[in-house]
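A structural walkthrough
Here is what each chain is made of, one letter per residue.
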Amino acid sequence: MWHRSASFILDKNQNDTVYPADSVTLTPPPPSSISTPQNPNPNLNRNMSMSAYYQTRAAHHGVVTSDWLAQSQEAATRAVVTGGQEIVDGGKSGRAFSVIDEFNNWRKQPDLAEAVAAIRALAAVIRNSEAKTMMELEIELKKASDSLKSWDTTSISLTAGCDLFMRYVTRTSALEYEDFNSARSRLIERAEKFGEISYKARKIIAMLSQDFIFDGCTILVHGFSRVVMEVLKMAAQNKKLFRVLCTEGRPDRSGLRLANELAKLDVPVKLLIDSAVAYTMDEVDMVFVGADGVVESGGIINMMGTYQIALVAHSMNKPVYVAAESYKFARLYPLDQKDMGPALRPIDFGVPIPSKVEVETSARDYTPPQYLTLLFTDLGVLTPSVVSDELIQLYL
Amino acid sequence: MVAHGRQCKIEGSQATARQTAELLRSVISQQRVPYTNQAGALIDAVKAVGEQLIAANPVELAVGNIVRRVLHIIREEDLSLTTAAIGELNLSAVSDDENDDDRDGNTTLSAAAVAAAARSTLRPPSLQTLLEDTPVSAAVPQTSSSGAADKSSRSRKLKHDVIEAVNELIQDIVTCHEQIAEQAVEHIHQNEVILTLGSSRTVSEFLFAAKEKKRSFRVFVAEGAPRYQGHLLAKELVARGLQTTLITDSAVFAMISRVNMVIVGAHAVMANGGVIAPVGMNLVALAAQKHAVPFVVLAGSHKLCPLYPHNPEVLLNELRSPSELLDFGEFSDCMDFGSGSGSPLLHVVNPAFDYVPPKLVSLFITDAGGHNPSYMYRLIADYYSADDLVVQRRAIAGN
């Protein structure tokens, strides 16, 4: 009843599944064990559990507390078990290979983008497949891609990466090669190269944004984005004089990690708590954020807090620049904040919270395009209206 | 050639654009091209001249725009010739197989694939081509190495096509006013009040065209200090029989509530839709936004610049002589470097241009039609190639 969004029907369904589950957890009294509120109940629909994507990001970038770690391990074992079951159902009988395991292995590397991990996993599928024709191979890939997507519904770059690769496979197979084996080896080679493409993409974005960072400017950064890190690193290497204001980024506290990295580069950094953004906004010259996904309207989906910062920046006429690789463009069109699949993440308040107090645990928000000034992508510097154009060209 | 461009203080972007285009045309026609990679040679030659032209007059963005347009033309013509040549070649390759030895790699590539690959090297990077590598662009000129007869005819054809296209470009530049003025009738309606600032030839042609079509409307002209070119425009409008009111720039905010539409010209249009316009335009745009009056900018396509304004007030502004503001004789004691502590207390700043952000502009009318500011990227993608944003001769890659 607190929800006013148009998608309240969706919320209603979710709430129906939540309440009965809650009554189960209330019966054993939760005294000391848990400092975090709502435990992910194994009975819940997987969609309501912790978002694996944000979990991984936190593992890479955030400050980890010990009981969060215990909780995540418990969740991870559960996910792998269900993932394994899915693979068996998917008909890959008798083989130890699981695309989800492969994906998880790649994803663990902190420097690798999600989409790259996904595409590498799909390349492994091609390598291990016994298909003899392109159609068979495509069908296997489609199955693998679907299972990856359903395993983690909250990761946009995963979905976008899988879709991009599938489009590429369909187009390649239709046009070019008569010989199946050469086509297959080419697909594998391109997929492996995608890691390089992704890395090069970051470099291109960093180069494009150099002109926008002038000497003596103050940049506000939110969350730990590897692309934004690359931009700032290159600016520091080019001996530009600038100062960075960095939000703490609760609950991940990824801002602390970012501040650490910047201090190593001898860039003057100032840490702010998330609430201090409006207070310091008038000394800021520009806001730089990364993106978890870029949606069709030209808006972005990013760590919780980005929308707030964009609103404040817009009201004070400060430009908001987004640095995102092009494979993060996704065919989503959220109409409001609740219009996306939920991506939840447990929040550690440090003190026990009574269980009848709800906590907003969403890990991400949607920033509409009117609050963004420019997007720096490896396709060039784009205004938000270009995004839908690019997506149409891809999917047409 | 370049010294001529540097010395000639040509006023107005249309004349500059035309001069640049004609200059580049003569560069191209005089350039001797080798048999292989002719487009590359032409591009290098144009870039060399273009670099000098841009350096000579960085504030006049039309120069850079035309250089980039010509480069884009060269690439496009080269591409269309290549595609045509491959089409013919594969028909003949079926008969003689020894041609295939030249080509390394996949001889099973069909003509469609090679053409698609070649097409992808020209287009700006997009999501579609993200997974494809820079493909057989090396192999493509090699295909032309077979058949000596094709070679010389191709080289002549490329230059010929490029020069034809540059002629079309010059024609477009020259006739841009007419093409914009044709659209006047759709925008100016009966009994309207139009506001403009300073004097722009595009705007005056636009208004005259509407007058020709028997629309009766009134014009408020803001004088456009410090050059007061609004006075000249007012005289021209009266000579054509239009009811005109002359106001100072400071009076714009007071009068704007009585105005139906603001129509102004521009010095340049940036890639994000922002406008570099004569000084004072930002005030008019803000006043128009406050009173919800549509702010229409007229600009020929040679004014469309693929760059983004990083620091427009500083980078793209020209500071003119302070004598336009002050009479030196009266103020000589304040501005004297010799007396007192050395540096004078009175500084006179006379910027020539102003930046209007895209959110204040309602409509752009170009010779390609009327567009939203957020649509500018499309026109830029049509007219320019991504490789040409920095006009530098063969910068060494990777540093």
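None of these values were measured; they are calculated from a predicted model. All residue numbers here refer to positions counted from 1 along the written sequence of the relevant chain. By the order in which they are written, chains take letters starting at A while ligands take numbers starting at 1. It should be noted that, the model being predicted, local features are given only for residues of pLDDT at least 70 and side-chain atom pairs only at 80 or more, the latter also being counted only at that level, while totals for whole chains, interfaces and linings use all residues. Hydrogens and water are ignored here; the side-chain numbers use all heavy atoms of the structure.

Examining the overall build of chain A
The cut-off we apply is this: Here a strand is any run of E in DSSP of at least two residues, a helix any run of H or I of at least four, and the numbering for each starts at the N terminus. When a residue's accessible area, from a 1.4 Å probe over protein chains only, is under 20% of the maximum for its type it is buried; when over 50% it is exposed; and in between it is partly exposed. Note on contacts: a residue pair qualifies if any of its non-hydrogen atoms lie within 4.5 Å across the two residues. To be clear on the numbers: accessible area is Shrake-Rupley with a 1.4 Å probe, and residue cover counts the displayed protein chains and nothing else.
Helix and strand counts for chain A stand at 13 helices and ten strands. Out of the 396 residues belonging to chain A, those deemed buried represent 55%. Partitioning the intrachain contacts of chain A with sequence separation of at least 6 by distance along the chain shows that 77% fall at a separation of at least 24. For chain A, the accessible area works out to roughly 18,200 Å², and carbon and sulfur atoms hold 56% of it.

Remarks on the pattern of salt bridges
All names here are of chain A. So the rule is basically this: When a carboxyl oxygen of Asp or Glu is within 4 Å of a side-chain nitrogen of Lys or Arg, the pair counts as a salt bridge.
A complete count under the given rule lists 15 salt bridges over all chains for this structure. Its salt-bridge partner being Glu325, residue Lys328 comes within 2.9 Å of it at the nearest N-O pair. Overall, Lys328 belongs to the buried group, its relative accessible area being 11%. When salt bridges that share partners are traced, they join Glu189, Arg190 and Lys193 into one network.

Considerations on the packing of helix α10 (residues 201–212) of chain B against helix α11 (residues 229–239) of chain B
All names here are of chain B. Definition in use: Working convention: axes come from line fits to C-alpha atoms, limited for helices to the stretch in contact. Angles between N-to-C directions cover 0 to 180 degrees. Any angle that is under 35 degrees is reported as roughly parallel, and any over 145 degrees as roughly antiparallel; angles of 65 to 115 degrees are reported as roughly perpendicular and all others as oblique. The crossing is said to be left-handed when, going from far helix to near helix, the turn is anticlockwise and less than a right angle, and right-handed when the turn is clockwise. Under the scheme applied, nonpolar residues are Ala, Val, Leu, Ile, Met, Phe, Trp, Tyr, Cys and Pro; charged residues are Asp, Glu, Lys and Arg; polar residues are all the others, including Gly.
Interhelical geometry of α10 versus α11 gives an angle of 20° and a closest axis separation of 11 Å. With respect to each other, α10 and α11 are oriented roughly parallel. Crossing of α10 against α11: the hand is right-handed. For the pair α10 and α11, contact is made by Ser204, Leu207 and Phe208 and by Leu233, Glu236 and Leu237, respectively. Class assignment for the residues of the contact of α10 with α11 results in four nonpolar, one polar and one charged.

Structural notes on the environment of Leu304 of chain B
Residue and element names in this part refer to chain B. You can see Leu304 is positioned in the loop between β7 (295–298) and α14 (312–315). In the structure, Leu304 is positioned 33 residues away from Ala271 in sequence and 7.4 Å away in space, judged by C-alpha atoms. Not counting chain neighbours up to four residues away, the residues in contact with Leu304 comprise Asn65, Val269, Met376, Leu379, Ile380, Tyr383 and Tyr384.

Overview of the confidence of the model for chain B
Residues and elements named next belong to chain B. This is how the line gets drawn: A residue's pLDDT is the predictor's confidence in that residue, given on a scale from 0 to 100.
Averaged over every residue, the pLDDT of chain B is 78; residues scoring 70 or more account for 74%. When the criterion is pLDDT under 50, residues 93–109 qualifies, and its contacts beyond four places in sequence or with other chains add up to 13 contacts. Low pLDDT, under 50, characterises residues 134–149; the predicted model gives this stretch 21 contacts beyond four residues in sequence or across chains. In the model output, the complex is listed with pTM 0.75 alongside ipTM 0.72.

So, the pairing of strand β6 (residues 300–303) of chain A
In summary, the side chains of a regular strand alternate between the two faces of the sheet. Residues and elements named next belong to chain A. Using the following cut-off: Pairs of strands are assigned from DSSP output, requiring at least two bridges between the strands.
Bridge analysis of strand β5 (residues 293–294) against β6 gives two bridges, and the strand direction is antiparallel. By the bridge assignment for β6, Val294 is matched with Ile300. If you look at the hairpin formed by β5 and β6, you'll find five residues sitting between the two strands, and Gly298 has a positive phi there, around 100°. Of the strand pairs in this sheet, β6 and strand β8 (residues 364–367) are connected by four bridges, and their pairing is antiparallel.

Observations concerning the side chain of Thr82 of chain B
Operational definition: Here a polar contact means two N or O atoms within 3.5 Å. Within protein one must be a hydrogen donor candidate and the other an acceptor candidate, and residues neighboring in sequence count only if both atoms are side-chain atoms.
The topology assignment puts Thr82 of chain B in helix α4 (residues 61–93). Within the structure, Thr82 of chain B has its side chain in polar contact with the backbone oxygen of Asp78 of chain B (distance 2.5 Å).

Looking at the confidence of the model for chain A
Residue and element names in this part refer to chain A. In the predicted model, chain A carries a mean pLDDT of 77, and the fraction of residues at 70 or more is 74%. Taking the mean pLDDT of every element in chain A, the minimum, 45, falls on helix α1 (residues 8–26) and the maximum, 96, on helix α12 (residues 306–315). Contacts of residues 81–95 to residues separated by more than four positions or lying in other chains number 14 contacts, the stretch itself having pLDDT below 50.

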